[in-house]
Amino acid sequence: MNYEDLRHFADSWGLVFLGMVFLTLIGWVFRPGSSQKNEKAAHMIFEEDHDDG
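Residues numbered from 1 in each chain as written. Predicted model: local features only at pLDDT ≥ 70, side-chain atom pairs only at ≥ 80, totals over all residues. Heavy atoms only, no water.

Caption draft 1: Structural context of the pattern of salt bridges. Per the stated rule, a full pass over the model turns up one salt bridge. A salt bridge links Asp-11 to Arg-7, with the nearest nitrogen and oxygen atoms 3.5 Å apart. Note that Asp-11 and Arg-7 are positioned in helix 1 (residues 3–29) at a spacing of four residues, about one turn of the helix. (Salt bridge = Lys/Arg side-chain N within 4 Å of Asp/Glu carboxyl O. Helix = DSSP H or I, 4+ residues; strand = E, 2+ residues; numbered from the N terminus.)

Caption draft 2: Quick look at the environment of Ser-34. Within the secondary structure, Ser-34 sits in the loop between helix 1 and helix 2 (35–43). The spatial distance from the C-alpha of Ser-34 to the C-alpha of Glu-47 is 20 Å, given a sequence separation of 13 residues. Those residues in contact with Ser-34 that lie beyond four places of it in its chain are Trp-28 and Val-29. Of note is the side chain of Ser-34, whose polar atom sits 2.9 Å from the backbone oxygen of Val-29. Of the polar contacts made by the side chain of Ser-34, one reaches the backbone oxygen of Arg-31; its length is 2.9 Å. (Contact = heavy atoms within 4.5 Å. Polar contact = N/O pair within 3.5 Å; in protein donor to acceptor, adjacent residues only side chain to side chain.)

Caption draft 3: Representation of the packing of aromatic side chains. Within this structure, the stated rule accounts for zero aromatic pairs. One cation-aromatic arrangement involves Arg-31 over Trp-28; the distance from NZ or CZ to the ring centre is 4.1 Å. (Phe/Tyr/Trp six-rings, centres within 6.5 Å; stacked < 30°, edge-to-face > 60°. Lys NZ or Arg CZ within 6 Å of the ring centre and 35° of its normal.)

Caption draft 4: Highlighting the environment of Asn-2. Turning to its location among the elements, Asn-2 is positioned in the segment before helix 1. Placed 31 residues apart in sequence, Asn-2 and Gly-33 show a C-alpha to C-alpha distance of 47 Å. There is a polar contact of 3.0 Å between the side chain of Asn-2 and the backbone nitrogen of Asp-5.

Caption draft 5: Focus on a nonpolar patch on the surface. Taken together, the side chains of Phe-9, Trp-13, Val-16, Met-20, Phe-22, Leu-23, Ile-26, Val-29 and Phe-30 present a nonpolar region at the surface, about 1000 Å² in accessible area. Mapped onto the secondary structure, Phe-9 falls in helix 1. By relative accessible area, Phe-9 is classed as partly exposed at 48%. (Patch = residues over 30% accessible without salt bridge, like charges linked within 9 Å, V, L, I, M, F, W, Y side chains within 5 Å. Areas by Shrake-Rupley, 256 points an atom, 1.4 Å probe, with all protein chains shown as cover. Buried < 20%, exposed > 50% of the residue type's maximum accessible area, 1.4 Å probe, protein only.)

Okay, here's the thing in structure tokens:
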């Protein structure tokens, strides 16, 4: 397998694979029931740590 074969594979099936990964991740964020977890994660950085150590 040479460079041209790998490039052809990446340009065709690699693009399809990465497109499917992208759509899966977008669908994962907008799935039903995930809005509460997303809201908590968005505000997590603003919560104070109460570490007295």
